Every structure is written in C-alpha cells, then in structure tokens.
Amino acid sequence: MLIMPILNTNKNGDTKIYNVEVKLKNASKVRENTLVNGIVDSNVVVGNSSFNDSIYNTKNKENNVIVNFIRNHHYRDKNRFLVTTRKHSDNNYYDLYSVEMPPKKVTTGLDNLYGQAILDMQKEIPNIKKGRYISLEKLGSVDHISDERLKKLKYVVENSADESNLEHLLLANNLGDLSSTLEFIRLFDFTILDEATISEKQIVDLLKSFDIISTRDSKSLERYYKIAIENKNAYKKLSVLSRILTSKPINLIQRNHNNKVLIKTQDKSSGNME
C-alpha cells in the first residue's frame, strides 16, 4: 500500500497530516491464491515478456525502468499487462493484477510515480497490510512545474484568442508536458484513510520532546513530517497548474470515494484556503 502523508489546514484552522492511499485506477486484482503457468511471483509480464528475466531488471534500478519495459514490450493487440504479488505468507500461491497500459511518457518523474505503484503491487504480500511512504517531490513528479514555467503557461493561456489552438501554442512554447500532467496524475486514486489522520501539533510536540536525544523513532517521525510537507508543496503546484488550465481546483484527493475534496491550497492574495 502506497501512503502519501500530506499536510493540510482546514477551514477551522486545524492543521493535520492526512495519510492518503495512492493506487492506479486502471489496475484490478483478477485472481487470488493462484498460480499461472510460466509466471513467477513478484513479476511484471507483458505478453510473453517477463520483467524479471529482462535486461531492464538491474540492481539499483529507478522506478521508471519498469515503465520503460512495459512500453517497449507493448503489443498492438494487448492493452493490458499482468503483475504478480509476492507469495502468500502461508503457501506458494500469489495474487494477480491486470493493469491497463500506461500512456505516453510525460516526464521521468511522473513515470517514477507510475513505476512505484507497479512496484508496490509486486511487493504486496496478500492479506498483509504494509504501508510504504511516498513523496511526490522526491520522486520528481512535479520537478517540471516550476514557478517560471507556470508564469509562462498563464501568459500563453490568457493570451490565446482561439481555445482550439491552445494545445498547439503550448507545444510551440515547450509547455506541452504541463497540459499532459493533469491527465496523467488522474490515472491514480488518492483516498484519505480516515483512521490515520494526525494533528501537526502532535507531531511537533513529539519532535520537541526528542530535542535532547536522537533516536531511531525520532528520525522516523522527522522524516514522516518532512514527507508530509513535501507532498503539500507538490500538491500546491498541481493545484496552481489546474487553475491555470481549467479554472478549477484540482479535486484530486477524496475521502472514501465520495467526491468530497479535503485537501486545500492557500490563496496568497487572501490568506485563506481555497
């Protein structure tokens, strides 16, 4: 399970860290407790090609390498690929996912996020919940969304007389990856885990209590808090991007799929959460 901690301040001024589960919308578990002839556990299979047996499977590989393998082994008549989990804890069987092919590459950072989601399925031990924290900033998923490029994008959008010609203008100004980012990021479900909502004050108070000593627990907590801040900054970039391109907030993070947006971004001009 991929967990994206993110810092958020609600309308009442309460700042909390929400633990958000991240997973691909187009991935479905099609078999449980199974064995498929010729397919081993913890693997990615495209047609007859196995990632584990490929030249892509190298030591210390980046997340995006898995996505490169999938794209490069894409068969025209195959719109999905398979991912096997690790073996069950009490037998030699595994679970099997079927996943739609990824879209064309937008950036390496976004591919890192996609690859991380695939890797999470590979590392899954069925019936055992284990969370893995992710930072959109560390993955490089928003590296291409700089203030300078957002300013340029806003100028192009506001001065485009013909909306039907906007995509051409974005490509001409080397901004095409920004317009593709929102579509790519919406390949994922971002769902708040209700039982895992933590007050920022609790985190800060705990960190203060560790000021004198440095322990493994204090370092883990500090890292967790840092990731939550990084994801807040990344989400803010995505929100600004969405408002420029669609004039709407990004509406990305939900609670229990009820379409209620809970993560807000701050409007500098008013100081309020929008």
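In this text the structure is predicted, and so the values were computed from the model without any measurement.

(A) The pairing of strand β7 (residues 94-100), seen in detail. Of all seven residues in β7, six are buried; the element is thus mostly enclosed. Relative to β7, strand β6 (residues 80-84) runs antiparallel, the two sharing five bridges. Opposite Phe81, over in β7, you have Val99 as the bridge partner.

(B) Structural context of the pattern of salt bridges. On inspection of all chains with the given rule, the structure shows nine salt bridges. Measuring nitrogen to oxygen at the nearest pair gives 2.7 Å for the salt bridge that ties Asp120 to Arg132. Taken as a pair, Asp120 in helix α2 (residues 108-123) and Arg132 in strand β8 (residues 132-133) lie far apart in primary sequence, 12 residues in all. There is no split in this pair, since Asp120 and Arg132 are both buried. Among the ionic pairs, Lys201 bridges to Asp205, the shortest N-O distance being 2.8 Å. Pair noted here: Lys201 and Asp205 are both in helix α7 (residues 200-209), with a separation of four residues, about one helical turn.

(C) Structural view of the nonpolar core. Residues Phe81, Tyr114, Ile118 and Phe188 are the most contacted members of the largest nonpolar core, which totals 54 residues. It is α2 that provides the largest number of residues to this core, a total of seven residues. For Ile118, the residues in contact, after removing those within four places along its chain, are Leu24, Val44, Ile66, Phe81, Val83 and Val99. Formed by eight residues, the second largest nonpolar core is a distinct cluster that contains Ile203, Leu207, Tyr224 and Ala228.

(D) A look at the sheet that holds strand β5 (residues 49-50). The antiparallel open sheet is built from five strands, whose spatial order is β3-β7-β6-β4-β5. The sheet terminates laterally at β3 (27-34) and β5, the two strands that pair on one side only. Sheet topology places β3 next to β7; five bridges connect them, and they run antiparallel. Within β7, the residue paired with Ala27 across the bridge is Val99.

(E) The arrangement of unusual backbone geometry in detail. A positive phi angle is found at Asn127, which is not glycine, with a value near 70 degrees. As for its placement among the helices and strands, Asn127 is situated in the loop between α2 and β8. For Asn127, a relative accessible area of 75% gives the class exposed. With phi around 50 degrees, Asn251 is a residue other than glycine that occupies positive phi space. Residue position: Asn251 is located in the loop between α8 (216-246) and β10 (253-255). The exposure class of Asn251 is partly exposed, given its relative accessible area of 42%.

(F) Representation of α8. Here α8 contains 31 residues, and its C-alpha end-to-end distance of 44 Å stays within 8% of the 45 Å for a straight helix at 1.5 Å per residue. Once α8 finishes, Ser247 follows within two positions and takes phi at roughly 60 degrees, a positive value.

(G) Quick peek at the side chain of His88. Topologically, His88 is positioned in the loop between β6 and β7. Engagement of the side chain of His88 in a polar contact is seen with the side chain of Asp95, the distance being 2.9 Å. Apart from residues no more than four positions distant in its own chain, His88 is found in contact with Asn33, Tyr93, Tyr94, Asp95, Pro126 and Asn127.

(H) Quick peek at the environment of Arg80. Tracing the chain through its elements places Arg80 in strand β6. Classification of Arg80 by relative accessible area gives partly exposed; the value is 32%. The residues contacting Arg80, other than those within four sequence positions of it, are Asn26, Ser28, Ser98, Val99, Glu100 and Met101. Of note is the side chain of Arg80, whose polar atom sits 2.6 Å from the side chain of Ser98.

So, how was this worked out
- Residues numbered from 1 in each chain as written.
- Predicted model: local features only at pLDDT ≥ 70, side-chain atom pairs only at ≥ 80, totals over all residues.
- Heavy atoms only, no water.
- Buried < 20%, exposed > 50% of the residue type's maximum accessible area, 1.4 Å probe, protein only.
- Helix = DSSP H or I, 4+ residues; strand = E, 2+ residues; numbered from the N terminus.
- Pairing = 2+ DSSP bridges.
- Salt bridge = Lys/Arg side-chain N within 4 Å of Asp/Glu carboxyl O.
- Core = buried A, V, L, I, M, F, W, Y, C linked by side-chain atoms within 4.5 Å.
- Contact = heavy atoms within 4.5 Å.
- Expected span 1.5 Å × (residues − 1).
- Polar contact = N/O pair within 3.5 Å; in protein donor to acceptor, adjacent residues only side chain to side chain.

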